[in-house]
Amino acid sequence: MTVSTADLWDERGDELYSIALNFGDFGAKVAFSGPARTIRCFQDNGLVKKTLNEPGDGAVLVIDGDGSIATALMGDMIAEAGVHNGWSGVVINGAVRDREALAEMDFGIKALASNPRKSAKDAVGEIDVPLEIGGAIIRPGAMIFADADGVAVEK
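For clarity, every value in this text was computed on a predicted model and none was experimentally measured.

Asks: Is there a simple way to explain the overall build of the protein chain in this structure?
Replies: When helices and strands are counted, the protein chain shows four helices and 12 strands. By the compact-globule yardstick of 15 Å for 155 residues, the protein chain fits well, its C-alpha radius of gyration being 14 Å. In terms of overall dimensions, the protein chain has a C-alpha envelope of 40 × 30 × 25 Å along the principal axes. Considering the protein chain as a whole, with its 155 residues, one finds that 48% of them fall into the buried category. Working note: accessible area of the protein chain is about 7100 Å², and carbon and sulfur atoms make up 48% of it. The average position of the 14 basic charges and that of the 24 acidic charges among the side chains of the protein chain differ by 7 Å.

Dropping the structure here:
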């Protein structure tokens, strides 16, 4: 279901957060939505890989990498796993890599930047915990709505 975040905000502003970060669109799908799954990690994408290799059932994976763009938290192989496993998309408070390959995927990918440097693979972090990103609180299960204007989150 494609929803205009601006229209949604006009209708339900008091019921939503807006993530106040300047995300770029890295996948071929700019608009996407679904219930949130969350990961908190720092320069380590082990949990991202593990999670996107599980059934997504249309969910959006929200990854709080603490805004670090020093290493990529997702590249083409991990994103391809997300597509294959039925995830709607990802929102990353951090970086991605393999931009050209990501741009060809029918997958929603919002991130701060790209960096070719790999991250650690130790799976250090937390899964399905509340996150605070760009002034928004993201609870696991809250609906995420993303499009060219940004990302809105149900309170």
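Asks: How should I be thinking about the packing of aromatic side chains in this particular structure?
Replies: For any pair of aromatic rings, the description consists of the separation of the ring centres together with the inter-plane angle of the planes. A complete count under the given rule lists zero aromatic pairs for this structure. Taking the ring centre of Tyr-17 as reference, the NZ or CZ of Lys-155 above it sits at 5.2 Å.

Asks: Can you help me understand the pattern of salt bridges in this one?
Replies: Note that side chains of opposite charge can pair when their charged atoms are close. Summed over the entire model, instances satisfying the criterion amount to seven salt bridges. The salt bridge partner of Lys-110 is Asp-25, with a shortest N-O separation of 2.4 Å. In this pair, Lys-110 is assigned in strand E7 (residues 108–114) and Asp-25 in strand E2 (residues 24–25), connecting sequence segments 85 residues apart. A salt bridge links Asp-128 to Arg-37; the nearest nitrogen and oxygen atoms lie 2.9 Å apart. Separated by 91 residues along the polypeptide, Asp-128 in the loop between strand E8 (126–127) and strand E9 (131–133) and Arg-37 in strand E3 (residues 32–40) bring together distant segments of the chain. Arg-37 sits in the partly exposed class, given a relative accessible area of 22%. One salt-bridge network, in which partners are shared between bridges, spans Arg-12, Glu-15 and Glu-154.

Asks: Sorry, what's going on with unusual backbone geometry here?
Replies: A negative phi angle is the norm for most residues apart from glycine, just as the trans form is the norm for most peptide bonds. Although it is not a glycine, Gln-43 sits at a positive phi angle of roughly 50°. Turning to its location among the elements, Gln-43 is positioned in the loop between E3 and helix H2 (46–52). At Asp-128, a residue that is not glycine, the phi angle is positive and equals roughly 55°.

Asks: Would you explain the environment of Ala-31 in this entry?
Replies: The topology assignment puts Ala-31 in the loop between E2 and E3. Taking the C-alpha atoms as reference points, Ala-31 and Ala-148, 117 residues apart in sequence, are found 6.8 Å from one another. The contact partners of Ala-31, leaving out residues within four places of it in the chain, are Thr-2, Ala-146 and Asp-147.

Asks: Before we go on, may I ask you to explain the nonpolar core in this structure?
Replies: Note on soluble globular proteins: their nonpolar side chains tend to be buried together. Counting residues in each nonpolar core, the largest one holds 22 residues, and the members touching the most others are Met-74 and Ile-109. Breaking this core down by element, the ones donating at least two residues are H2, strand E4 (60–64), strand E5 (72–74), helix H3 (76–84), strand E6 (89–96) and E7. If near-sequence neighbours (up to four positions away) are discounted, Ile-109 is found in contact with Gly-24, Asp-25, Phe-26, Gly-27, Lys-29, Phe-32, Met-74, Ala-79, Val-90, Val-96 and Leu-102.

Cut-offs used in this document
Counting starts from 1 at the beginning of each chain's written sequence and moves along it residue by residue. Thresholds applied to this predicted model are a pLDDT of at least 70 for local features of residues and 80 or more for the giving and counting of side-chain atom pairs; totals over whole chains, interfaces and linings are not thresholded and use all residues. The side-chain numbers reported here are obtained from all heavy atoms of the structure, hydrogens and water having been left aside. Numbered from the N terminus, helices here are DSSP runs of H or I no shorter than four residues, and strands are runs of E no shorter than two. For the radius of gyration, the atom set is restricted to C-alpha positions; the globular benchmark scales as 2.2 Å times the number of residues to the power 0.38. Type-normalised accessible area, obtained with a 1.4 Å probe on protein chains alone, sets the label of each residue: buried when under 20%, exposed when over 50%, and partly exposed for intermediate values. Note that accessible areas follow from Shrake-Rupley with a 1.4 Å probe, and for residues the cover is restricted to the protein chains shown. Just so you know, the count uses Lys and Arg for positive and Asp and Glu for negative, and it drops His and the chain ends. Charge placement uses NZ in Lys and CZ in Arg. For Asp and Glu, CG and CD serve respectively. Here the aromatic set is Phe, Tyr and Trp, taking the six-membered ring for Trp, and pairing holds for ring centres within 6.5 Å; pairs whose planes are under 30 degrees apart are stacked, those over 60 apart are edge-to-face, and all others are tilted. Whether a charge lies above a ring is judged from NZ of Lys or CZ of Arg, which has to be within 6 Å of the ring centre and within 35 degrees of the ring normal. The rule for a salt bridge is simple: a side-chain nitrogen of Lys or Arg has to be within 4 Å of a carboxyl oxygen of Asp or Glu. A contact between two residues is defined here by any heavy atoms of the two lying within 4.5 Å. Within this scheme, the nonpolar core is defined by two criteria: the residues are buried Ala, Val, Leu, Ile, Met, Phe, Trp, Tyr or Cys, and they are joined through side-chain atoms within 4.5 Å.

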